[in-house]
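Chains, contacts and geometry: an overview
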Amino acid sequence: MSLIYVLNGPNLNLLGKRQPHIYGHETLADVEADCRKLALELGHEIRFHQSNREYEIIDWIHEAREDGAGIVINPAAFTHTSLAILDALNTFEGPVIEIHISNVHKRESFRHHSFVSHRADGVLAGLGTEGYQLGIRRVATMLTAPKKE
Ligand code: DQA
């Protein structure tokens, strides 16, 4: 059993209430419950966090260096601004999957650049909250067959 970190950036605590036409009606608690269920099915454990503060996300990445096998991260707006989160992820050796609920490439041009993509092993965007499930599945695959993927 490996530990997978699922990290969420700013404003994602408002999921379900915030611009539902873009982000859907599911809450972050719904997403967390689905992630926990899937992780259990796959034989892994998850640590699920959300913060509106950049340093907390960096601290959780540092924590993952100690006990985490993989990271699924929706950095939200920090995606487009945070060199510090990229630097932190560059210190982590396991698989990293970046996810976005919305298709950032269909949106404003300032959402097209991602610092995190410079490190991510894969990026999922525009698949709704299902992206979290797919991200966890991908991390699980990479953990079991790292050399073939
Ligand atoms: C987001 C996309 C970002 O551009 C935005 O700032 C978010 C959420 C997404 O999940 O689609 O807060 O990461």
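Quantities reported herein were computed from a predicted structural model and do not represent experimental measurements.

Some points on the UniProt feature "binding site: substrate" (unreviewed entry) in the protein
According to UniProt, the "binding site: substrate" (unreviewed entry) feature falls on Asn74, His80, Asp87, Ile101, Ser102 and Arg111. On the basis of their most widely separated C-alpha atoms, the annotated residues across 38 residues do not gather in one place, lying as much as 24.4 Å apart. Topologically, Asn74 is positioned in strand E3 (residues 70-74). Given the relative accessible area of 4%, Asn74 is considered buried. Contacts of Asn74, omitting those with residues within four sequence positions, involve Leu7, Asn8, Gly9, Leu12, Ile99, His100, Ile101 and Tyr132.

Brief notes about helix H3 (residues 54-67)
With 14 residues, H3 should reach 20 Å at 1.5 Å per residue; the first-to-last C-alpha distance of 21 Å fits that figure. Where the residues of H3 are buried, they touch strand E1 (3-8), strand E2 (45-50), E3 and helix H4 (83-89).

With respect to the side chain of Thr129
As for its placement among the helices and strands, Thr129 is situated in the loop between strand E5 (122-125) and helix H5 (130-144). In this structure the side chain of Thr129 is engaged in a polar contact, spanning 2.3 Å, whose partner is the side chain of Glu26. Every residue in contact with Thr129, bar those within four places of it in the chain, is listed here: Leu15, Glu26, Val31 and Ile101.

With respect to the site of the ligand
By nearness alone, every residue bordering the ligand is listed as Arg18, Tyr23, Asn74, Ala76, Ala77, His80, His100, Ile101, Ser102, Val104 and Arg111. A distance of 2.8 Å separates an oxygen atom of the ligand from a polar side-chain atom of Asn74. A distance of 3.2 Å separates an oxygen atom of the ligand from a polar backbone atom of Ala77. In isolation the ligand has 330 Å² of accessible area, and contact with the protein removes 99% of it. Looking at side-chain class alone, the shell around the ligand contains 5 nonpolar, 4 polar and 2 charged residues.

Observations regarding the UniProt feature "active site" (unreviewed entry) in the protein
Per the UniProt annotation, the sites labelled "active site" (unreviewed entry) are Tyr23 and His100. These annotated residues cover 78 residues of sequence, but their C-alpha atoms sit close together, with the largest distance between any two at 9.4 Å. Looking at the element boundaries, Tyr23 is found in helix H1 (residues 20-23). Take Tyr23: its relative accessible area is 9%, and that puts it in the buried class.

Calculation notes
- Residues numbered from 1 in each chain as written.
- Predicted model: local features only at pLDDT ≥ 70, side-chain atom pairs only at ≥ 80, totals over all residues.
- Heavy atoms only, no water.
- UniProt positions renumbered as here; feature names shortened; annotations may be inferred.
- Helix = DSSP H or I, 4+ residues; strand = E, 2+ residues; numbered from the N terminus.
- Buried < 20%, exposed > 50% of the residue type's maximum accessible area, 1.4 Å probe, protein only.
- Contact = heavy atoms within 4.5 Å.
- Expected span 1.5 Å × (residues − 1).
- Polar contact = N/O pair within 3.5 Å; in protein donor to acceptor, adjacent residues only side chain to side chain.
- Near = heavy atom within 4 Å.
- Areas by Shrake-Rupley, 256 points an atom, 1.4 Å probe, with all protein chains shown as cover.
- Nonpolar A, V, L, I, M, F, W, Y, C, P; charged D, E, K, R; others polar.

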